[in-house]
Amino acid sequence: MSSLNSTVQLYSLFVRPQRFYINGVINMPYIQYYYIFLSLVYVICVLENSFIIFIIYMERSLHTPKYVVLLNLAVADMCASTAIIPKMIETFLFDSRFITYEACLANMFFAFLFPTIQSLTLVILAYDRFVAICFPLNYHIIITNNWMIVIITIVWCFATAMIITLVVLITRLSFCKSTVIESSFCDHGPVYRLACNDNFPNSIMAFISIAVLLFVPLILIILSYACILYALLKIASLEGRWKAFNTCTSHLMLVAVFYLTILGIYFAASSSTLHPNARILSTSLSRSIPYLLNPIIHVLKTEEIKESIKKIFKRNRV
């Protein structure tokens, strides 16, 4: 009876820990080389996205609505990698696994904010392609720089509000037993599942966030491309269809790189057979490799950016 009373008393106490311990990968040989690899990925990612931002800023011909959105995507890519990788390097390569409660919440906020911005930015790009192909004569009336800036501002405000709600709900949780986070950063799921008190609101908010910020954008992108394909079928010549579709290929590649990796992580997280180390490694890769690939896709698959790079280099040579 006394042990039952002590258990009830333990769970009735509200405990906010001073710090958490980020466990990360357990007993994996040569794991330090993986974090050195992530360091290189991060440096290249920052350089690539900085280059894209520089090109769009410097070349006046790229000051169009589509490239305003691509500029936003490059900023989100760079910030997303910065929110995750440097902290992981500090945590595991330099064995600094303790993180204060407040720093953990800040890490969680930024780690989820920027991927959310990326997801919603891909929807804006789908909207841009939808209007360009389905309503080509009205494109410059519907899509303007000012309108795109308004949409991007709304996206940032909406994403910030959603992620703040996600993080603030963590503050209602009591951590009276374990404070060991089984992840490579202050991941939302592994943190709220450590709570001793009722974490049902957190699980509901996690479900709503995944639905609103991941699956709804993906559905909107799929619907926009269904409309685009319908519009392409109306074009008489095969050459005309291919020329119009070719303007969408870079966006489709960005969508594939982003959503396939994210969906893979969520399916992996729901699998009970996957080893925790494999889940943690796949999560860290999904939060680094897309940010490395996106600028490469911009340069290789976007003719205007390639031409702008040539112009800038010619100008500098003269």
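Report on the accompanying structure.

Calculation rules
- Throughout this document, residue positions are counted from 1 along each chain, in the order its sequence is written.
- pLDDT decides what is reported in this predicted model: residues at 70 or higher carry local features, side-chain atom pairs at 80 or more are listed and counted, and totals for whole chains, interfaces and linings draw on all residues regardless.
- The side-chain values count all of the structure's non-hydrogen atoms but skip hydrogen atoms and water molecules.
- Simply put, an axis is a line fit to the C-alpha atoms, just over the touching stretch for a helix, and the angle between two N-to-C directions goes from 0 to 180 degrees.
- Here a helix means four or more residues in a row that DSSP labels H or I, a strand means two or more in a row labelled E, and each is numbered from the N terminus.
- Working definition: roughly parallel below 35 degrees, roughly antiparallel above 145 degrees, roughly perpendicular at 65 to 115 degrees, and oblique for all remaining angles.
- Here is the rule for handedness: rotate from the far helix to the near one, and if that takes an anticlockwise turn smaller than a right angle the crossing is left-handed, while a clockwise turn gives right-handed.
- In this description, contact between two residues means that some pair of their heavy atoms is separated by no more than 4.5 Å.
- Throughout this entry, Asp, Glu, Lys and Arg are counted as charged residues, while Ala, Val, Leu, Ile, Met, Phe, Trp, Tyr, Cys and Pro are counted as nonpolar. The remaining residues, Gly among them, count as polar.
- Aromatic pairs are defined between Phe, Tyr and Trp rings, using the six-membered ring for Trp, whenever the two ring centres lie within 6.5 Å; interplanar angles under 30 degrees are classed as stacked, those over 60 as edge-to-face, and all others as tilted.
- Each residue is assigned to one of three classes by its accessible area relative to the maximum for its type, calculated with a 1.4 Å probe on protein chains only: buried under 20%, partly exposed between the two thresholds, exposed over 50%.
- Here the term cavity refers to a set of points on a 1 Å grid, laid over the protein atoms alone, in which a 1.4 Å probe fits but cannot get out; the term pocket refers to an open set having protein on both sides within 12 Å along at least five of seven lines, with lining residues being those that place an atom within 4 Å of a point.
- Grid points are joined across faces, edges and corners, and a volume is the space filled by probe spheres set on the points.
- Only buried Ala, Val, Leu, Ile, Met, Phe, Trp, Tyr and Cys residues count toward a nonpolar core, and they belong to the same one when joined by side-chain atoms within 4.5 Å.
- Any two cysteine sulfur atoms lying within 2.5 Å of each other are counted as a disulfide.
- The term salt bridge refers to a side-chain nitrogen of Lys or Arg lying within 4 Å of a carboxyl oxygen of Asp or Glu.

### Notes on the packing of helix α2 (residues 31-58) against helix α11 (residues 276-286)
Look at α2 against α11: their axes get within 12 Å of each other, and the N-to-C directions meet at 15°. In terms of orientation, α2 lies roughly parallel with respect to α11. Crossing of α2 over α11 shows left-handed handedness. Facing I31, Y34, F37 and L38 of α2, the residues of α11 in contact are L281, S284 and L285. Taken together, the residues of the contact of α2 with α11 sort by class into six nonpolar, one polar and no charged.

### Describing the packing of aromatic side chains
Applying the stated criterion across every chain, the model contains 14 aromatic pairs. Arranged with centres 6.1 Å apart and planes meeting at 25°, the rings of F20 and Y101 form a pair that is stacked. Separated by 81 residues along the polypeptide, F20 in strand β1 (residues 19-22) and Y101 in helix α4 (residues 101-134) bring together distant segments of the chain. With respect to class, F20 is no different from Y101; both count as buried. Here the aromatic cluster, defined as three or more aromatic residues joined through ring pairs, consists of Y34, Y35, F37 and F92.

### Structural notes on empty space enclosed by the protein
With the rule as written, the count across this model stands at two cavities of 30 Å³ or more. By volume, the largest cavity amounts to about 70 Å³. Taken together, K66, L70, L125, D128, R129, T247, S250, H251, L254, H298 and T302 make up the full set of residues lining the largest cavity. Residue composition of the lining of the largest cavity, grouped by class: three nonpolar, five polar and three charged. In this structure, the second largest cavity spans a volume of roughly 30 Å³.

### Observations regarding the nonpolar core
Of all hydrophobic cores here, the largest spans 92 residues; its most connected members are F20, Y35, L122, I170 and F175. Element by element, the count of residues in this core is highest for α4, at 19 residues. Beyond its immediate chain neighbours, meaning those up to four positions away, F20 contacts R97, F98, I99, Y101, C104, F175, T179, I181, V191 and L194.

### Structural notes on the state of the cysteines
Using the criterion set out here, one finds two disulfides in the structure. Between the sulfur atoms of C104 and its disulfide mate C186 the distance is 2.1 Å. Looking along the S-S bond of the C104-C186 disulfide, the torsion reads about -125°, which is the left-handed sense. Separated by 82 residues along the polypeptide, C104 in helix α4 and C186 in the loop between β3 (180-181) and α7 (188-192) bring together distant segments of the chain. Here C176 is linked by a disulfide to C196, with a sulfur-sulfur distance of 1.9 Å.

### Some points on the pattern of salt bridges
Considering all chains together, one arrives at three salt bridges under this definition. One salt bridge connects E90 with K87, and the closest N-O pair in it is separated by 3.5 Å. Taken together, the residues span about one helical turn, with E90 and K87 both in helix α3 (residues 65-93) at a distance of three residues. For the salt bridge of R129 with D128, the shortest nitrogen-to-oxygen distance reads 2.7 Å. Residue R129 is classed as buried on the basis of its relative accessible area of 10%. For D128, a relative accessible area of 0% corresponds to the buried category.

Remember, this is a structural readout, not a statement about activity or role.
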